[in-house]
Structure formats: C-alpha cells, structure tokens
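The residues making up each chain are set out below.
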Amino acid sequence: MIDRQLTTGRTLRRALAAAALAIAAFAAPAQAQYGTPQDTADLVRADLIAEPASIVPGQPFQVGIRLRMKEHWHTYWRNPGDSGSPTEVRWQLPEGFTVSELSWPAPQVLRVGPVTSFGYEGEAILLAQVTPPPNLAPGSNVSLRADIDYLVCEKECIPGEASLALPLAVGASSGGDTGTFDAARAKLPQPSLWPASFSASADTIGVTVRGAAFDAAALKSASFLPYNNDLIVNSTEQKRSSDGNGLTVAMARSQMATQIPDRVDGVLLVEEDIGGKTVTHAFELSAQSAAAAGGSSITLLQAALFALLAGVILNLMPCVFPVLSIKILHLTQHANESAGRVRMHGAAYTAGILVSFVILAGALFALRAGGDEIGWGFQLQSPAVVAALAFVLFAFGLSLSGLLPIGTSLTRVGNSGLLQRGGLQGSFFAGTLATVVATPCTAPFMGASIGFALTQPFQLGVTVFLALGLGLALPFLILAFVPALQRFLPRPGAWMETLKQFLAFPLYATVAWLIWVLSFQVGPSGLLAALVGLVLIAFGAFALTLAQDRSGTPSRAWRGVAAVSGLAVIALIVSVNMDRPATASAAQAAADSGGEAFTQAKLDTLLASEQPVFVNMTAAWCITCLVNERTTLAAPAVQTAFKDKNIVYLKGDWTNRNPEITRLLERFGRSGVPLYVLYRGKNEPVVLPQILTEQLVLDSLAQL
Amino acid sequence: MNRRHFGAAFIATFCAAALLTGTAQAEPKIGAPAPAFKAVDSNGKQVSLDDLRGKTVVLEWTNDGCPYVRKHYNAGNMQALQKKWTAQDVVWLSVISSPPGEQGFADAARANTLTTERNAAPTAVLLDPKQEIARAYGATVTPHMYIIKPDGVLAYAGAIDDKPTARAADIEPAKNYVDVALTEVKAGKPVTTPATRAYGCVVKYSS
C-alpha cells in the first residue's frame, strides 16, 4: 500500500505559545510564560491512506484520514459537544477527481465534570470515497492532498494543522490495505433498519426507534448524539424506555434549540451486555418529527385498505390481466356446474394468491432481517428471477396460443373432463401464477402501504400483504360467490378460443419488456442465454406436441427431447446470472434522459448549497416509473420548467441493488420505486405521488 | 404517524419529561433568576451577585493559556468590549476556574499581573479554583459568556461571537453576540439570540 506520510504538523505560532504555557503552568504556575514548544504533530500523527494499492480510472475507491492521538488526548467528532471543534478537511484533488462527504466513526462520549464532549481517543479514521476521472492514463501517477485543521485536547486544547499527501499509481486494481479499511468501516455507525421519529416539548426531545428489537435485560445504555450541536443539553443524562414498539431515548432540550427542525439526524449509541461482555453498537438515525409525520403516515387499517384497493387495480395491469381473463372465461363454462363447485374454484384461486403472498412477504422480511436492503420488486433485481419470469410468461403465452399442451386445466377452454379432475388445483395454480406475474407491477397506493408494512413486525406487516393478495383475488372471488353476476358473462362459444389466443399477446409483450429489463442487468452473453432459453421453450413445446400426437416409441423420444429442453432452460437461467457487467449502466441511463445519476454524496453537496433538486427513483422493471418518465418527466413543458427554475434532476436507478437508494426510499417511508422528491432549498422536501401528471409536476415546481 | 405510535411516543416523552425535571439542570435557565454566588476577587474583596442588583452584570470565564481566549485578548477584542461596557456602568466579572496545577490557574497576584499585562479592564477578577461558580452556571469552556440583567434575571449565555475558531482573523467578520445582547439589554429590549453554543477550551473541572 502506498502510504507515505507527509505530515508537516505545522503549528500556529499562537498554538506553540499556548502549548508552551500549558507546560509552564504545570512546572511553575505563576512565573514561566515561555518554555519548550510542544508540536501538535507529537500529539496527533495524521496521515492520508488509500484502500487499493493502485487506482483504476473511473473506479471509486476509499481513502481515510487517519488520526493517531497521543495517550489521553482526543480530537473531535462532527458535533464536538460542549467543547472542542470538529476536524476540518479541505481536499486538494487533481482535476476531474471528486470526493464524497466524510464518514465519521462513531464517537466516544468524553465527560469532564459537567462538560460532555464527543470525540476520539487513540485512533480514528475519517473515511471518504474518491472517484477518479475515467480518462486517467494507466501507468501515470497522481497525488491527493488533504489539508486538515484539528483541535486536540487533553485538559489543554491545542489547534493544529497538517497537509497530508498521498501519491497513487494508476494501474490495474490489485489488493490493498483492505484490513485497515474493513476495520475503519466497522467503526462507522450502521444505517438503521428501523424508522425513527422524534417529538419535542419545551424541555425535552425524545427520539423513538420503532421496531428495534433490543433485549431490555441486555440493554445497558442507549444515548442519542445529534449531528446538530444546538439541540440538546449534552451533559444531562439521557433516559431510555422501551415498549413493544421500540426504544425511546429522552434528552433535555437545549435553550439554543429555539426552533425544532422537521428531521433530526444523529447516531444512536447502544451498549448491550452479550455473554457478560459489553458490546457497543452505533446506528445512524434520521428521525422524522412525529408531528410532521402525522399528516403523511398511515395506520395499519389504512395501509390494509390501500393495499386492498391496490390489489384490485393490479388486475388491470398488462401482466395480470390475461390470467384474470382466462379465469373468468372458465366461469362461463362452469355454468352447468353447481354453485358450490364454482365457489370452491374462487376459494382455491384466492388461496393460491394468499399463500404466494405470505411466502413473498416471508422472504422479504427474512432477507431484510438478515440485513439486506431490499424492498418491493426486489426479486426483479436478480437477473435469474427476471429470466425465469420471462420464461414462465412465455410458456404461458405459448399455451394460450395453443402451442404448448401443458397447463390445460388452466387454459384449455371447453374440456370439462380435465376441469373436473384438476380444476381446483388449476385454480390454485392460477392464483400462484397471478401473484408471480403481478410482482413486476406497482399499482397506485401500493408504495405507501408496502412501505408501511415493512416497518412493522412480521405478524402485522403480513396482514398488509394479505390485503393486497385479497384485492388481487377479489374480482374473481366476487364473480364466483355471486351467481347473479355470472349471468352477465357472455355465453360460451368459438369467440372464446379467439380471445384466448389474443390474450397471449399481452404476455408476449410482457416477455419483451422483461428481456429489455434484463438488458440493463446482464451483458450480451447473458442476454443471449435468455433469448436461447425462449427458443428452447418453443422447441420443447413443439416436442411435447409431437409426443402427444403420436403413440409408441417416437412419443417417448419426443418426450425426452422436451425434458432435455426444459433442463437446458433451467441451466440457462443460472448462466444468465453469471454475466454481470462490471459497471452499472445506471449512469448511462440517467445521462440518456438528461438527468444526472443519483448518489447520496451528490445530493448532499447540492443540498448543502440549497440548490433545488428533483430526485427520481426508478427501475427498468417498474412500469409505472417508465410511464411517468415518458409521458410526464420527459414532456417539454416539464423539462423547460426544470431549466427555468434551475432545478438539478437526479435519477436513481434501482434496477440493480443499491443500498444508498434503498436508504433514501426508507427515509420517505417507502420500500420500492417510483419515488419522486422535490428538494426545495431551505424548505422541507415534498414527495410527489406515484402517478404523475404534467400539471401536478408543474404545480409543485411553481411553488419554488 | 400511526395513532398507536403517536400515543406511545407521547407517553414516552411525557415520562421522560417527568424524569428529567427531577434532575438538576446543567444549564441555567435564560429568563430565570441567575444562580446566586459569592466569591473573593483578586483584590481580596467579597463579591456577591445579590449586592449587584440594579446593575447589568457580565460573567466572562477565562484561562490565559487557552488559544481561544488568547485569540480575543491578543487582538484586543476582549479588552475593548470590557472598556466599552464598563464605561456604561456594566459590571464585568472575569472568572478564573482553573484549579492549582492546571492551565490558566491564577492566584490573586498572578490574576492582577495578567490584567495589567493584557491591559484588561474588568470590574473585578473572581477566583473560583474549586469551580463552584462554574458548576452553578454550567460553564463549559473559556471564554463562556453570561449576561445578567439589573433585575437579576439571566439574559444571555453562550459564545462571545459566531465564529468558533482560534483564528484572530475571524474576529473582524464575526457577529459579537455579547455586544449585541448588551446593547439590547441596555435599551430594555429582549435579547434576540439569548442562547448560543459557547466555544473554546474546556473549563478545568477538578473531577
């Protein structure tokens, strides 16, 4: 690792004098004014380090400002508390380089009498991500520099400064000092998985973390350190209380906090007794004002009702519509069946949907509990799942076209024998299929309700998913249970076969769209694997048809061919997953649409200068997002308004997994895309609805 | 927000408020009577806040070794402020809370030497080596500034200005909170910015 220390530790004349005085004070308090100067470089050894041994053009890497303090001395956190001053870093980077905000390790709480400060004893590494330009010449050398100002204190405080340089070679990526950086990253506060809120009275500020599963017996302490230095009385002991809902930390409100912001950011330090040892965890929280959140958030009942409505609307989506249509066609043939039997079909279909939704919710909660930052539609972030969905829908489409002789109980019209035997299973399977094909779609109202559900414990959250499933099942269920309605259905006839074959086309369209989604996720060979998969499915269908038409040996042979095709398709699904391109195409996609690619660092920088910003969180697999972009955001009037108002348009692509985007979604109580946020400089950001209209966007822009 | 959660948060906040009121306030209340104190000044005179009723009183925590204090003394900023306001009948008390052996400690003689050397103009220098006044006022740093109105009510607590650095160059462009607050107190107006975050070196508490 290249780690040349160029710490000059140049100290201000004043500081030297101060240090001299400090020593003098120890020796002979009343007399000496000058003595041996103590250089701050002896108190703080500072250097600039990089994670990789050499850097790759265009590829971000981590750097660290490492501060090693003399025993008992400390430097300060971003909020120094009652005394002190945060370490300041001014970057001097070669042209084309950009650097993120600093990431500060969780601080120690330093108490002296009634003075409480936040800082670091021993060693602290402040991390930042540096992005070099893509046009660096391999083999060349670059030099990064950071000028730092710090205050180092024991009992005395001495300001110091240093100019840190780090020469780096441009070359192929190779191993570096991952150990040091892994250790430094482990000391950063983790992003909190739980939503936090705060409430303020005249004397107190209480931060509540909902759903945080701390074992009350093991919990030794919990304290909240806000980033804002004017909010709380640092020295007053914080009181914690926990109930079934989570953990609340109450702090004394500072008299400086004359205005209470809508959001309080900071770090929650939690000490837990684990096996007799005290373990400290730090979580980064962004607590929304409970009062402000009152308007936008919803209750469990509301979430469930919204989900029910969203489920009903899902039926009209191009992916689900054919499944529903086919099921309704079935009903027309059940006319001669008993009403009870028809009801059982409705129940089986509903059960298929509900079971699938419980499995889906279970997977979502389990993965999130495991620390994955995912949300609704997460499964489409996996190319294997997208390919598998495309294959299933293609096979289903072939079957509607009459080219694939399986799943007949589901699709074949007019075969009462099959329906009698396999009918209920078929209805159950149709429910499962409806759920599977519904997952790429997002209906209005879904974002808020699923976002809410994921913040709840599983037992509560799953009810929202069940409501969504029930909504999806509802149209068919009502038809099945109210025989009077069935009389409105058209009489069976030859037109049904035509309609069925026609309904294959929305499915083919969905397949085409899924392959397009895939093109954002995998490289050319992955895409080829998926397309070959489609060919193989068609070939398998051809073989199966032959096998059914003939009898004897050839039939068995064709059956074998079909089975081999099926296995090959599964192998292809696996191979699709292998071809992941190294760089995301997100930046490219964003640039294509005239926006800039979203990163939290970019957003933070823009917001720091009170620049109005429009953030669009989207994904290639999110149809609602694409419709909004094409019809509304790309509209000339909207684009002109962006330009006139000098609004920066940031586009975040969630097609592939991106924890930074997930965190921003969660900050606004969402678990999936689309999300549209308009940051209005000094004013609070506003969230736009998930279905945009030109007028709506223009109206909100006009308020700027 | 979920109504149930709101309820929980409300109750939690309420309980917290009840708990917190039981503990001593680390910072004195702006708008409430300032904590009373009695101390001996560097000339051996007893000074009591009660005796100063009817006058505007400034408390200035100081430590001559602290770079932040030196910022204001080396540039003459603190002395100018002392002269400007003592001339207008304000009682200016510099408080030294460092215990013996710590940076900034001064006995009576050294305190007077410092005043002479620095050409300072406080009404008196209070010796607080056991940090009794510092604790009563929750003084955290040097310089930490307090203004008490003639009726004994605390009007301002916090920093001297809005540039929390040790650089003398930052004095000129800074907004001097103390000067502004004293002007407002003298005019009988409420103080616009009555509480700020003081900056500087930690007061050398013995424990």
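Residues numbered from 1 in each chain as written. Chains lettered and ligands numbered in written order. Predicted model: local features only at pLDDT ≥ 70, side-chain atom pairs only at ≥ 80, totals over all residues.

Asker: Honestly, the overall build of chain A in this entry has me stumped. Any pointers?
Answerer: Secondary structure summary: chain A contains 22 helices and 24 strands in total. Counting over 704 residues, chain A shows a buried share of 44%. Taking as baseline every contact in chain A between residues at least 6 positions apart, the subset at least 24 positions apart corresponds to 77%. (Helix = DSSP H or I, 4+ residues; strand = E, 2+ residues; numbered from the N terminus. Buried ≥ 20, exposed ≤ 12 C-beta atoms within 10 Å, placed from the backbone. Contact = placed C-beta atoms within 7 Å.)

Asker: It is not clear to me how the overall build of chain B should be interpreted in this structure. Could you clarify?
Answerer: The secondary structure content of chain B amounts to six helices and nine strands. Evaluated residue by residue, chain B yields a buried proportion of 49% over its 207 residues.

Asker: Any chance you could explain the sheet that holds strand S1 (residues 44–50) of chain A here in plain terms?
Answerer: Working definition: the strands of a sheet are paired by backbone hydrogen bonds and lie parallel or antiparallel to each other. All names here are of chain A. Strand order in the open sheet made by the four strands is S1-S3-S9-S6, with antiparallel pairing throughout. With one partner strand each, in any of the chains shown, S1 and strand S6 (98–99) form the two edges of the open sheet. As defined by bridge partners, S1 adjoins strand S3 (residues 61–69) across seven bridges and the pair is classed as antiparallel. Bridge assignment links Asp 47 to a residue of S3, and that residue is Arg 66. (Pairing = 2+ DSSP bridges.)

Asker: It is not clear to me how the packing of helix H8 (residues 383–400) of chain A against helix H14 (residues 494–521) of chain A should be interpreted in this structure. Could you clarify?
Answerer: When two helices pack together, their arrangement is given by the angle between the helix axes and the distance between those axes. All names here are of chain A. At their nearest, the axes of H8 and H14 sit 8 Å apart, and the two run at 165° to each other. As the angle between them shows, H8 and H14 are arranged roughly antiparallel. Judged by the sense of rotation from one axis to the other, the crossing of H8 with H14 is left-handed. Residue composition of the contact of H8 with H14, grouped by class: 18 nonpolar, four polar and one charged. (Axes fitted to C-alpha atoms, helices over the stretch in contact; angles between N-to-C directions. Parallel < 35°, antiparallel > 145°, perpendicular 65-115°, else oblique. Left-handed = near helix turned anticlockwise from the far one by under 90°. Nonpolar A, V, L, I, M, F, W, Y, C, P; charged D, E, K, R; others polar.)

Asker: Whenever I open this one, the pairing of strand S7 (residues 108–112) of chain A confuses me. Can you help?
Answerer: For a regular strand, the rule is simple: side chains alternate between the two faces of the sheet. Residues and elements named next belong to chain A. The sheet contact formed by S7 and strand S8 (residues 115–121) spans five bridges and is antiparallel. Following the sheet pairing, Val 109 is matched in S8 by Phe 118. If you look at the hairpin formed by S7 and S8, you'll find two residues sitting between the two strands, and Gly 113 has a positive phi there, around 55°.

Asker: How should I be thinking about the sheet that holds strand S20 (residues 596–597) of chain A in this particular structure?
Answerer: Residues and elements named next belong to chain A. Across the sheet, five strands lie side by side as S20-S22-S21-S23-S24; this open sheet has mixed pairing. The open sheet has two free edges, formed respectively by S20 and strand S24 (683–688), since each of these has just one partner strand. Examined bridge by bridge, strand S21 (residues 613–618) and strand S23 (residues 675–680) share five bridges and lie antiparallel to one another. Each bridged residue has a counterpart across the sheet, and for Asn 616 the counterpart in S23 is Tyr 676. Packed onto the sheet, helix H18 (residues 600–608) meets S20, S21, strand S22 (648–653) and S23 and runs at close to 160° relative to S21.

Asker: Would you explain unusual backbone geometry in this entry?
Answerer: Peptide bonds are mostly trans, and most non-glycine residues show a negative phi. Residues Thr 142 of chain B and Pro 143 of chain B are joined by a peptide bond in cis, for which omega reads -5°. With respect to the helices, strands and loops of the structure, Pro 143 of chain B is situated in the loop between strand S6 (141–142) and strand S7 (145–148). Although it is not a glycine, His 72 of chain A adopts a positive phi angle of roughly 75°. Locating His 72 of chain A in the fold gives a position in the loop between S3 and strand S4 (74–81). Despite not being glycine, Asp 89 of chain B shows a phi value in the positive range, around 70°.

Asker: So what exactly am I meant to see when it comes to the environment of Ala 543 of chain A here?
Answerer: All names here are of chain A. Tracing the sequence through the fold places Ala 543 in helix H15 (residues 524–549). The exposure class of Ala 543 is buried, given the 20 C-beta atoms found within 10 Å. Each C-alpha atom, one on Ala 543 and one on Ala 557, is 8.9 Å from the other, the two residues being 14 residues apart in sequence. Apart from the residues lying within four places of it in its own chain, the contact partners of Ala 543 are Trp 558, Val 561, Ala 562 and Ser 565.

Asker: What is the right way to read the confidence of the model for chain A from this model?
Answerer: The predicted coordinates ought not to be read in detail in places where the model reports low pLDDT. Residues and elements named next belong to chain A. The share of residues in chain A with pLDDT of 70 or more is 82%, and the mean pLDDT across the chain is 78. pLDDT under 50 marks residues 1–37. Its contacts with residues more than four places away, or in other chains, come to 78 contacts. Below pLDDT 50 for its whole length, residues 582–591 participates in twelve contacts with residues either more than four positions away or in separate chains. (pLDDT = per-residue confidence, 0-100.)

Asker: I tried to follow the environment of Gln 46 of chain B on my own but got confused; where do I start?
Answerer: Residue and element names in this part refer to chain B. Within the element layout of this structure, Gln 46 appears in strand S2 (residues 46–48). Judged by local crowding, Gln 46 falls into the exposed class, with 9 C-beta atoms found within 10 Å. For Gln 46 and Leu 126, which are 80 residues apart along the polypeptide, the C-alpha to C-alpha distance reads 9.3 Å. Excluding anything up to four places from it in sequence, Gln 46 contacts Lys 38 and Val 40.

Asker: Is there a simple way to explain the packing of helix H20 (residues 636–644) of chain A against helix H22 (residues 694–702) of chain A in this structure?
Answerer: Residue and element names in this part refer to chain A. Direction vectors running N to C along H20 and H22 enclose 15°, while the axes themselves pass 10 Å from each other. As summarised for this structure, H20 and H22 are arranged roughly parallel, according to the angle between their axes. Both H20 and H22 take part in a crossing whose hand is left-handed. Together, Ala 637, Val 638 and Ala 641 of H20 and Glu 694, Val 697, Leu 698 and Leu 701 of H22 make up the contact between the two elements. Tallied by class, the residues present in the contact of H20 with H22 amount to six nonpolar, no polar and one charged.

Asker: How should the confidence of the model for chain B be read in this particular structure?
Answerer: For chain B, the average pLDDT comes to 86, and 86% of its residues sit at 70 or higher. Predicted confidence for residues 1–25 of chain B stays below pLDDT 50, and this span has 51 contacts to residues more than four positions away or in other chains.

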